[in-house]
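Each chain is listed here by its residues.
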Amino acid sequence: MPRLVHSLPSLRHMAASYLYSGDDIARINALDAMAREHGLNLLATNDVHYHEAARRPLQDVMTAIRHKTNVARAGHLLHPNAERHLKSPDEMLRLFERWPRAITAARDLADACTFSLDELRYEYPEEICPEGRTPQEWLEERTWVGADGRYPSGVPESVRTTLQRELALIGKLNLATYFLTIKDIVDFARNQDPPILCQGRGSAANSAVCYCLGITAVDPARHALLFDRFISEERKEPPDIDVDFEHERREEVIQYIYRRYGRQRAGLCATVIHYRPRMAIREVGKAMGLTEDVTAALARTVWGGWGSEVAEKNVAQAGLDLSDPHLKRVLKLTEQMIGMPRHLSQHVGGFILTQGPLTETVPIGNGAMADRSFIEWDKDDIDALGILKVDVLALGMLTCIRKCLDLLGEHHGRTLTLATVPREDPAVYAMLCKGDSLGVFQVESRAQMNMLPRLRPREFYDLVIQVAIVRPGPIQGDMVHPYLRRRRGEEAVSIPAPGPAFGPPDELTSILGRTLGVPIFQEQAMKIALDAAKFSGAEANRLRKAMATFRRRGMVEELQDMMVERMTARGYDRDFAQRCFNQIRGFGEYGFPESHAASFAHLVYVSSWIKCHYPAAFACGLLNSQPMGFYAPAQIVRDAVEHGVIVLPADVNHSMWDCTLEEDGAALRLGLRQIDGLPEHVAAALVSAREAGGRFADAGALKARAGLSPAMIERLAAADALGSLGLSRRQALWDARSLVAAPPLPLFAAADARDQGEERVRTRLPMMPLSEEVVADYQTLRLSLKAHPMAFLRAELAERGFVRAADLRMRKVRSMVRVAGVVLVRQQPGSAKGVCFITLEDETGVINLVIWPDLKEKQRSVVMGARLMEVRGRVEYDDEVIHVIAQHLTDASEGLARLSDDALQPAMARADEVNRPVVGRMGPPARSHPRNVRVIPKSRDFH
């Protein structure tokens, strides 16, 4: 103790807690005496670990989780009682009545803690400017130079006025250095060789300055965007500029920022990861001693990644005994765990930069990834403190587009950039009108595919609306159907107007004219509040906070009466006012501003153009950019085949690591990356040996020249990647297993002894049936170029009256059908009011199911667990969109496991005759079988 007092001269207190451990009085008396001896005061504390005694069991569980054990084995790691909770002042006085000075010291210390976050002084780092210029002057100069580049025919007067207003406000708020930082980062990316594709989005796209600086690609003058949503004088908050970079190369940008400012002045924000139901039940179950199969069964009862409980009725459906008190205790603890902080993680790309050391403002730590550091504050905390954040985000589609453009240059002689892709191509819009958008950025989800044939985009602004309309805001505001009816001419376009005494009749025309009188975007909702409800600047700022993107804790409800009543008082229809507010409420969950939609629509068009005109390059870029997007590689391959692309298998003598194009860009060669379990460094060694010494002649050459282990050669053989060696899959596996290092297997040793001195005779193995080939393909590649599993079940299904996906269009609307297919996607959007959407796939196409909430609850286990599903339902279709409204579901997953059973051999033989193609090459599908390259979601389906 003397050494501690000497080392800490500012030490004034010694803490003591009453823990009901049996020796509290003696222990605290000893601490009091020790404190007096060294001139310190005893301080009453409480050693709090939970707010109330009832939370002690949860504390025990979390302790067991932290120490990677379970509660039964935790022993002395757990506290002996439930007294480490917050206690009332009266109880603390009672516990420390023998030591009143300890209570007085605690009160004095609490009164002395007067720190406020307002005391923090944040200074944004200074930017290097040319000598003699201030940051504001340098920003203005670069902005006007950029404006001349954006408008080569002369800067329009309206744009000039907007730039002058924005630059003046930027100067007034002293934000010039922030804009120069973003410009510097974007310039770095574009000056790399090859350049890193990047594009600004979010509310920054409302800024003409950002457009002229090249940060965003959206001209706010064309889209009448709202600069006040980006930055305004009324709110003392930093602007929000999000810049997306290629996801495979974003680390280059991150490391540039660290080099530019130093690790001591730059750090990524943190984000708090909370327990969700599945993770909570798994960790609580393990800590409470449940077996893995029981915790897995409990986790499977949870839909998706969100929720607030593990419902008992769903647990009962899983076959677990709810009368078991231990299981009930586990469920109660899980409910308490949901929503609790789990760990502190790095933000996806939000940097803070400081003029001085970060440690003077916020604690920092080293990330698990090399050469990364992060601050220990959540991203929302720094917003509240007014600390500027630079968002350096990753976008997989930018990686894909860059790879596609490289392929166009290499194989088609077309050198294009994001800015030079031909605009307003009718063929592109014709493709989108059919809902043919698999893999296309932002419009590849099922909801977007269903909306495309209804909205029928014909120009760029239609894509802006398309991106934004399938969102909770427009859906909850009941704006979608009115817009579609007006677009089709089924309903007259009418723009609400105030009463004659309150304003001009065209008050909202400039706001709603381009969206046919229906508010679709956040900016429109905000403008309506300003113009129709006459919100003040402060009130509009409150509204902006309430509907901020991705915020779930807004102030929307308290503004309802204000907005609706003011609009009604000014003569607007109450129903229209209420729908506008409902839209704002939807934005509180997930909103999409027009500026954001316009930025994304640019990538929608570019990716659509590539898919339309160069489907092989598009599929190749998608496959080489995985993981990303909405669909698995097998769906991408199937879609490419349907667009006339010849798909060639992965092969040791032809494939690189990435997928490549062959035959003048018309054929897609699968890369070695598609083989499950094959490391990239092994593929690199194989390719290097092939380029140095030519083609491989046999499996032994792979071992001798490429240095591949027998296990890796066997993996290649299992994936049927030795076809160019003249080996079938079964023969290749035989040869691969003969390469095992000494001592050899007895069978192979005997064969070697027999053949010594003679010409060796290769063992002839029977051909593997096509059905087994397909099973093996899915196990090793997760796709097959040979056939679809449903083809082998079709004869049996046809006998039972099941309809193929391709034949649904021939059925009458509302007629009853039976369909079956492999489950690809399950979705339950938050705006769907409990309706579930499932996408099935058979050998001819996809089947879109609609599951009403009552059926989903009744057959929850089938909805959530089936890999192959049989469905009885009613056909509905509109334009290009066909749905089956499910009435009964059957889990037929055992059919996948039976693909190699003897019971199916007759059906397989018939399917073999119909489906066997030239093995290893899949071209455009035959007319009678238009879709024969399909996906099984996970290879475990055949395990």
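Preceding block: the structure.
Residues numbered from 1 in each chain as written. Predicted model: local features only at pLDDT ≥ 70, side-chain atom pairs only at ≥ 80, totals over all residues. Heavy atoms only, no water.

**Observations regarding the pattern of salt bridges**
- The final tally for this structure, using the stated rule, is 52 salt bridges.
- In this structure, Asp111 engages Arg107 in a salt bridge whose closest nitrogen and oxygen atoms are separated by 2.9 Å. Note that Asp111 and Arg107 are positioned in helix H6 (residues 100–112) at a spacing of four residues, about one turn of the helix.
- Given the relative accessible area of 47%, Asp111 is considered partly exposed.
- Lys786 is the salt-bridge partner of Asp777, the closest N and O atoms lying 3.0 Å from each other. The two residues Asp777 and Lys786 agree in class, both being buried.
- Salt bridges here are not isolated pairs; linked through shared partners, they connect Asp720, Arg729, Glu773, Asp777 and Lys786. (Salt bridge = Lys/Arg side-chain N within 4 Å of Asp/Glu carboxyl O. Helix = DSSP H or I, 4+ residues; strand = E, 2+ residues; numbered from the N terminus. Buried < 20%, exposed > 50% of the residue type's maximum accessible area, 1.4 Å probe, protein only.)

**Notes on the side chain of Thr181**
- Turning to its location among the elements, Thr181 is positioned in helix H9 (residues 176–190).
- For Thr181, the residues in contact, after removing those within four places along its chain, are Tyr124, Glu127, Tyr261, Leu353 and Val390. (Contact = heavy atoms within 4.5 Å.)

**Some points on the nonpolar core**
- Core analysis: the biggest nonpolar cluster contains 106 residues, and Leu716 and Leu722 have the highest contact counts within it.
- The biggest single contributor to this core is helix H30 (residues 594–613), with ten residues.
- Leu716 has contacts with Val652, Leu672, Ile675, Leu678, Leu686, Leu708, Ala721 and Leu722, leaving out every residue within four places of it along the chain.
- Counting residues in hydrophobic clusters, the runner-up holds 48 residues, among them Val186, Ala189, Tyr258 and Leu388. (Core = buried A, V, L, I, M, F, W, Y, C linked by side-chain atoms within 4.5 Å.)

**Focus: the pairing of strand S2 (residues 41–45)**
- Two strands pair when backbone bridges link them, and strand S1 (residues 13–17) and S2 are joined in this way by five bridges, in the parallel orientation. Residue pairing for S2: Ala15 is matched across the bridge by Leu43.
- In this fold, S1 hands off to helix H2 (residues 24–37), which returns the chain to S2; that crossover is right-handed. (Pairing = 2+ DSSP bridges. Right-handed = clockwise from strand over helix to strand, strands pointing away.)

**As for the packing of helix H3 (residues 56–66) against helix H17 (residues 325–337)**
- Orientation of H3 relative to H17, taken along the N-to-C sense of each, is 80°, at an axis distance of 10 Å. The pairing of H3 with H17 is recorded here as roughly perpendicular in orientation. Contacts between H3 and H17 involve Pro57, Leu58, Val61, Met62 and Ile65 on the former and, on the latter, Leu333, Gln336 and Met337.
- Looking at the contact of H3 with H17 residue by residue, the classes come out as seven nonpolar, one polar and no charged. (Axes fitted to C-alpha atoms, helices over the stretch in contact; angles between N-to-C directions. Parallel < 35°, antiparallel > 145°, perpendicular 65-115°, else oblique. Nonpolar A, V, L, I, M, F, W, Y, C, P; charged D, E, K, R; others polar.)

**Details of the sheet that holds strand S12 (residues 667–669)**
- With respect to topology, three strands assemble into an open sheet ordered S10-S12-S11, the strand pairing being mixed. The outermost strands of the open sheet, each flanked by one partner alone, are strand S10 (646–648) and strand S11 (660–662). In this sheet, adjacent strand axes meet at a mean angle of 30° when their direction is disregarded.
- By the bridge criterion, three bridges tie S10 to S12 in an arrangement that is parallel. What sits directly across from Val647, in S12, is Leu668.

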